[in-house]
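Chain by chain, the residues run as shown.
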Amino acid sequence: MLANEERIAETIAAESGKPLAEGRGEVRYGAGFLEWAAEEARRVYGETIPASRPDQRILVLRQPVGVTAAITPWNFPLAMLTRKLGPALAVGCTQVIKPANETPLTAILLCELAIEAGVPDGVLNLVTGAGPVVGPALLADPRVRKLSFTGSTEVGQELVRLSATNLTRLSLELGGHAPVVILDDADLGVAVEQAVRAKFRNNGQSCIAANRFYVARPIYHEFAEAFTNAVEKLSVGSWDMDADVGPLIDDRAVVKVQRHVDTAVEAGASLLCGGSPTDLGPGKSGRFFQPTVLSDVTDDMVISTEETFGPVAGLSPFDDDDEAVRRANDSPYGLAAYVFGRDLSRVLRTVERLDYGVIGVNDGVPSTAQAPFGGMKMSGMGREGGHFVMEQYLETKYVSLAIDPVGT
Ligand code: NAP
C-alpha cells in the first residue's frame, strides 16, 4: 500500500471527493492498521493457570474465530477496511469485505494489491452490492462467526437484530455527535487550529467530526471571531484542486446540511460565515458547501441533536464547567468529544465526566492505529485499534489436562 500511495490516494480522492492530500493521509493511516496488527500478532499469548488439583493442568489457547466479515462506509474507503482486515488476518481469520456502494474502487484496488502481495486465495474476499442484501446474507450464514460494521446507528441496530440468528459476534462503530468544550483558560490559538481540524477534516463527514461547540462565556466572542476568520480562509474545491475542503457525498447530504443551517437560523442562530452551497462553475457539481459557522446555537435546534455530517459548526456559550459537561453529555451518542484548556486537573476532571469513547484534549485529530477507537451508548459496541481489537477476532479455548498426579 505504501509503495502505491499515490495510486490509492487518487482512487480514494476521486471516488469520495476528499482532497488528494487527505487521500494520501488516509493511505498512511490505513496502512498503519495493517502494520500495527501484524506486529501485535506476535503477542497473541495463551496462558497457563495454576490448578487446585495435583492431577490437573490448565491451558488457555487463543485461536482465530474463523470466517469474519466487514461492512464499511464511504467516508474513509480504505482505513475503515484495514482497521478490520488487519487484526482479522493477523490472528489467522479470513475476511469477506463489503465496501459502501459510493466507494467500491478503493476496496477493489486493495484486493488487487493483496493478490500482488501474495495473500492466498480465499483469505481476503470482496463482495460489492447493496448493503441491505449483503448484510443479511452474511448474518444468515453460520460460517460467518464475526461481523465488524462501521456506519449509521440505524443499520447497526438492524444488524444486532439479525445477528441473533447465528449469535454472530458483532462490533459496531456507529454515528456520533461530538461536543467540543472550550474552557476559559484554553490557549485560543491551539483551540482554533485544532477545532478547525476536528470540524472540517473530510468536510465534516467523519464520525468523530465536531458538531457542537460549547465555549466559556468570557472567551466566547474572541473565540467566535478567531474561529470564523480561520474558517473563512478554507478553500473549497474538487479533489484535484489542492483545496482544503471537498464536496459533500451526494445531493441528500446537501439538503440535510442546508436544513441544519436554515432551521438554526430560523430559530435565532446567527450566521457568521458560509450558509449555502458554493458555485465552482461549469462542470463542477452543486455539492460544494461553504464552510459555515453559526453562533448562539441552542440545545433544541436540529443541529444540536442530529449528526450533521457536513461543514457546519454551531457555537454556544456556557457559564460553568458543570453546565458544559451536562450539555455535552445530553446526547444519545457517545463516540468522540474534545476538551480545550490549560489547567490539567480541571481538564482531567472534565474528561472523566464525559460519556464518550474517544476524547481529544487540545487535539482535534485523535485517531491512530495503536489506540482503542469506539463509542459508548448509541455510538456502538467494541473497540478497534491497538491491542484492544485483537480479542474480537479470537476464541478463548480452555483446556483442562488431567495428568498422572504422582509422576516419576
Ligand atoms: P450506512 O448507510 O449505515 O452505510 C454503511 C455501510 O452499511 C455501507 O456499506 C452500506 O452499504 C451498508 N448497509 C446499508 N444498509 C445495510 C443493511 N441493512 N445491512 C447491512 N449493511 C447495510 O452509513 P452511511 O450513512 O453511508 O455512513 C455514515 C455513517 O457512518 C455516519 O453515521 C457515521 O458517523 C458513521 N461512521 C462511523 C464511524 C465509526 O468508526 N464510528 C466511522 C465512519 C463513519 P450500501 O452502500 O450498499 O448502502
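Residues numbered from 1 in each chain as written. Predicted model: local features only at pLDDT ≥ 70, side-chain atom pairs only at ≥ 80, totals over all residues. Heavy atoms only, no water.

## Focus: the site of the ligand
Then, in step 1: Close to the ligand lie 32 residues; Thr 72, Asn 101, Gly 131, Ser 152 and Glu 307 are nearest.
Then, in step 2: One of the side-chain N or O atoms of Trp 74 is found 2.9 Å from an oxygen atom in the ligand.
Then, in step 3: In this structure, Leu 174 approaches the ligand through a main-chain N or O atom, which is 2.8 Å from a nitrogen atom.
Then, in step 4: Protein contacts shield 86% of the accessible area of the ligand, which totals 920 Å² for the unbound molecule.
Then, in step 5: Listing elements by their share of the shell around the ligand, those giving two or more residues are α3 (79–91), α5 (131–140), β6 (144–150) and α6 (153–163).
Then, in step 6: A total of three residues in the shell around the ligand trace back to one element, the largest contributor, which is α5. (Near = heavy atom within 4 Å. Polar contact = N/O pair within 3.5 Å; in protein donor to acceptor, adjacent residues only side chain to side chain. Areas by Shrake-Rupley, 256 points an atom, 1.4 Å probe, with all protein chains shown as cover. Helix = DSSP H or I, 4+ residues; strand = E, 2+ residues; numbered from the N terminus.)

## Regarding the sheet that holds strand β18 (residues 394–402)
Then, in step 1: If you walk across this open sheet you meet the three strands as β1-β2-β18, and the pairing is antiparallel. In this open sheet, the two edge strands, each paired with only one partner strand, are β1 (47–49) and β18. Neighbouring strand axes in the sheet, compared pairwise and without regard to direction, differ in orientation by 25° on average.
Then, in step 2: The pairing of strand β2 (residues 56–64) with β18 spans nine bridges and is antiparallel. (Pairing = 2+ DSSP bridges. Axes fitted to C-alpha atoms, helices over the stretch in contact; angles between N-to-C directions.)

## Considering helix α4 (residues 104–117)
Then, in step 1: Its 14 residues give α4 an end-to-end C-alpha distance of 20 Å, which sits within 8% of 20 Å, the value for a rise of 1.5 Å per residue.
Then, in step 2: In this structure, the buried side of α4 is in contact with α1 (5–16), α3, β4 (94–98) and β5 (124–126).
Then, in step 3: Just beyond α4, the residue with positive phi is Gly 118, at close to 95°. (Expected span 1.5 Å × (residues − 1). Contact = heavy atoms within 4.5 Å.)

## What about the pattern of salt bridges?
Then, in step 1: Counting across every chain of the model gives 22 salt bridges.
Then, in step 2: In this structure, Glu 112 and Arg 7 form a salt bridge, with 3.9 Å as the shortest nitrogen-oxygen distance. Taken together, the residues Glu 112 in helix α4 and Arg 7 in helix α1 connect sequence positions 105 residues apart.
Then, in step 3: Look at Arg 7 and you get partly exposed, because its relative accessible area is 41%. (Salt bridge = Lys/Arg side-chain N within 4 Å of Asp/Glu carboxyl O. Buried < 20%, exposed > 50% of the residue type's maximum accessible area, 1.4 Å probe, protein only.)

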